Amino acid sequence: AAERALESDTEPGGTADGHRVQLLANIGTAEDAEKLVGAAVEGVGLFRTEVLFLGRQQAPTVDEQAAAYARVLRALGPDRKVVVRTLDAGADKPLAFANLHAEENPALGVRGYRLVRSAPALLTDQLTALARAGEETGTQPWVMAPMIATPAESRAFADAVHAAGLRTAGVMVEVPAAALRAGHVLDEVDFVSLGTNDLAQYTMAADRLLGELVDLLDAWQPAVLELVAATARAGAAAGKPVGVCGESASDPLMALVLTGLGVTSLSMSPAALPAVRFALRRHTLEACRAMAEAALAAADPAAGRAAVAGLLDPEA
Ligand code: PEP
Ligand code: MG
């Protein structure tokens, strides 16, 4: 019964004392979006558009893309935020027509936004399709680029977004350089979203595809949390949203830590939302801040988890 009550919960996300934290869904297809039609989700924090491109010999046409994006935007409606990520091909998501050259270190290669160097039409077509889908559905999608390392890339991306007729441009912070320079990145864009999967990979120099390195590839690593904290501080100073859309957002304990670090939205697989919503509601912002401090002060992930668990409301 308790579980059913949670699932039907339609209140927006927030702490016990009313500090708002937007709870959003990660999706990869129009079908995923259509499942959210009546769901208690405030929007989409990460639409991984590469799913539309995977396993094909050619990129989908602008018409084809516009139709798929319109389905997503229509499903969410004009009042819910939808953050669309531009193509994140390369490394763990190779594409036949985009990643033309074999690379020795694909995770450090021409992937994500960097494809604009070799295949700029992939980005401009995608933005054209998105703008068309926005017009058709009367919605304003937010658009963000993956694998951004510098403020200059952020500015070039924002220029391309605006040139396509779209309004809201952001970037993912998943490269340590972008986190360290988050204030400068935020001078160029309207929002950022932390991709903690890649941020952990690049901070810890641990390949995300190697199971034997999972202990390093952990968002609880204090070094990763330091970069999240720096990004959240820059967002607060700029008055701009800082989300998290990596797997870490779906861990209720980590969601409390991220909230305490100053993250303003959490995006995750829809199945993870009820537990995160519940955990947040049981704790005040002050309690979340104490947890964030404990996680940052810990020597390693296990100590961080234990310290934060020790601060949990005993009834949560
Ligand atoms: C991330 O890196 O955390 C992220 C959300 O993007 P992806 O997992 O698709 O690389
Ligand atoms: Mg990523």
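What you see is a predicted model; the values in this text were computed from it and never measured. (Residues numbered from 1 in each chain as written. Chains lettered and ligands numbered in written order. Predicted model: local features only at pLDDT ≥ 70, side-chain atom pairs only at ≥ 80, totals over all residues.)

Participant: Could you give an account of the UniProt feature "binding site: phosphoenolpyruvate" (unreviewed entry) in the chain, naming the residues involved and the relevant values?
Facilitator: When the UniProt feature table is mapped onto this chain numbering, "binding site: phosphoenolpyruvate" (unreviewed entry) sits at R48, R85, N197, D198 and R208. Mapped onto the secondary structure, R48 falls in strand 2 (residues 43-48). Judged by the 19 C-beta atoms lying within 10 Å of it, R48 falls in the partly exposed class. Here R48 is in contact with G28, R85 and D88, once residues within four sequence places are set aside. For R208, the position within the fold is in the loop between helix 8 (196-204) and helix 9 (222-238). (UniProt positions renumbered as here; feature names shortened; annotations may be inferred. Helix = DSSP H or I, 4+ residues; strand = E, 2+ residues; numbered from the N terminus. Buried ≥ 20, exposed ≤ 12 C-beta atoms within 10 Å, placed from the backbone. Contact = placed C-beta atoms within 7 Å.)

Participant: So what's going on with the confidence of the model for the chain? Which residues, and what values?
Facilitator: Predicted coordinates in regions of low pLDDT should not be interpreted in detail. Chain-level statistics for the chain give a pLDDT mean of 94 and a share of 96% at 70 or above. Across residues 1-8 the pLDDT falls below 50, and counting only partners more than four positions away or on other chains, this stretch makes 3 contacts in the model. Interface predicted TM-score (ipTM) for the complex: 0.99; the corresponding pTM is 0.95. (pLDDT = per-residue confidence, 0-100.)

Participant: Lay out the UniProt feature "binding site: Mg(2+)" (unreviewed entry) in the chain with the relevant residues and their values.
Facilitator: As recorded in UniProt, the sites labelled "binding site: Mg(2+)" (unreviewed entry) are E174 and D198. A maximum C-alpha distance of 5.3 Å among these annotated residues, which run over 25 residues, shows that they cluster at one spot. Looking at where E174 falls in the secondary structure, it is placed in the loop between strand 5 (168-173) and helix 6 (176-180). Residues in contact with E174, not counting those within four places in the same chain, are P146, M147, G195, D198, L199 and Y202. Note on placement: D198 falls in helix 8. Judged by local crowding, D198 falls into the buried class, with 24 C-beta atoms found within 10 Å.

Participant: Just give me the short version of the site of ligand 1, but keep the residues and values in it.
Facilitator: Taken together, L46, R48, D88, E174, G195, T196, N197, D198, C245 and G246 make up the full set of residues near ligand 1. Taken together, the elements giving at least two residues each to the shell around ligand 1 come down to strand 2 and helix 8. It is helix 8 that provides the largest number of residues to the shell around ligand 1, a total of 3 residues. Of the residues contributing to the shell around ligand 1, the split by class is 2 nonpolar, 4 polar and 4 charged. (Near = placed C-beta within 6 Å. Nonpolar A, V, L, I, M, F, W, Y, C, P; charged D, E, K, R; others polar.)

Participant: Explain the environment of A75 to me, using residue names and the numbers behind them.
Facilitator: Relative to the elements of secondary structure, A75 occurs in helix 3 (residues 62-76). Spatially, the C-alpha atoms of A75 and E31 are 9.3 Å apart, while their sequence positions differ by 44 residues.

Participant: Talk me through the pairing of strand 1 (residues 22-27); I want residue IDs and the actual numbers.
Facilitator: Burial analysis of strand 1 places 5 of its 6 residues in the buried class, which makes it a mostly covered element. The pairing of strand 1 with strand 8 (residues 265-268) spans 4 bridges and is classified as parallel. Each residue of the ladder has a partner; that of L23, found in strand 8, is L266. When strand 1 meets strand 2, the two strands line up parallel, connected through 3 bridges. (Pairing = 2+ DSSP bridges.)

Participant: Give a description of the sheet that holds strand 2 that names residues and reports values.
Facilitator: The 8 strands lie next to each other as 1-2-3-4-5-6-7-8, forming a closed barrel whose pairing is parallel. Strand-to-strand twist in this sheet, taken as the mean axis angle between neighbours without regard to direction, amounts to 25°. Looking at chain direction, strand 3 (residues 81-85) and strand 4 (residues 142-145) are connected through 3 bridges and run parallel. Each residue of the ladder has a partner; that of R85, found in strand 4, is M144. (Axes fitted to C-alpha atoms, helices over the stretch in contact; angles between N-to-C directions.)

Participant: Kindly report on the environment of V214, identifying the contributing residues and their values.
Facilitator: Within the fold, V214 resides in the loop between helix 8 and helix 9. A sequence separation of 13 residues divides V214 from Q201, and the C-alpha atoms of the two residues are 9.7 Å apart.

Participant: Got a sec to walk through unusual backbone geometry? Specific residues and values, please.
Facilitator: The backbone of M147 shows a phi angle near 60°, a positive value even though the residue is not glycine. With respect to the element layout, M147 can be found in the loop between strand 4 and helix 5 (151-163). For M147, a count of 25 C-beta atoms within 10 Å puts it in the buried group. Backbone geometry at A205 places phi at a positive 50°, although glycine is not the residue there. Within the secondary structure, A205 is located in the loop between helix 8 and helix 9.

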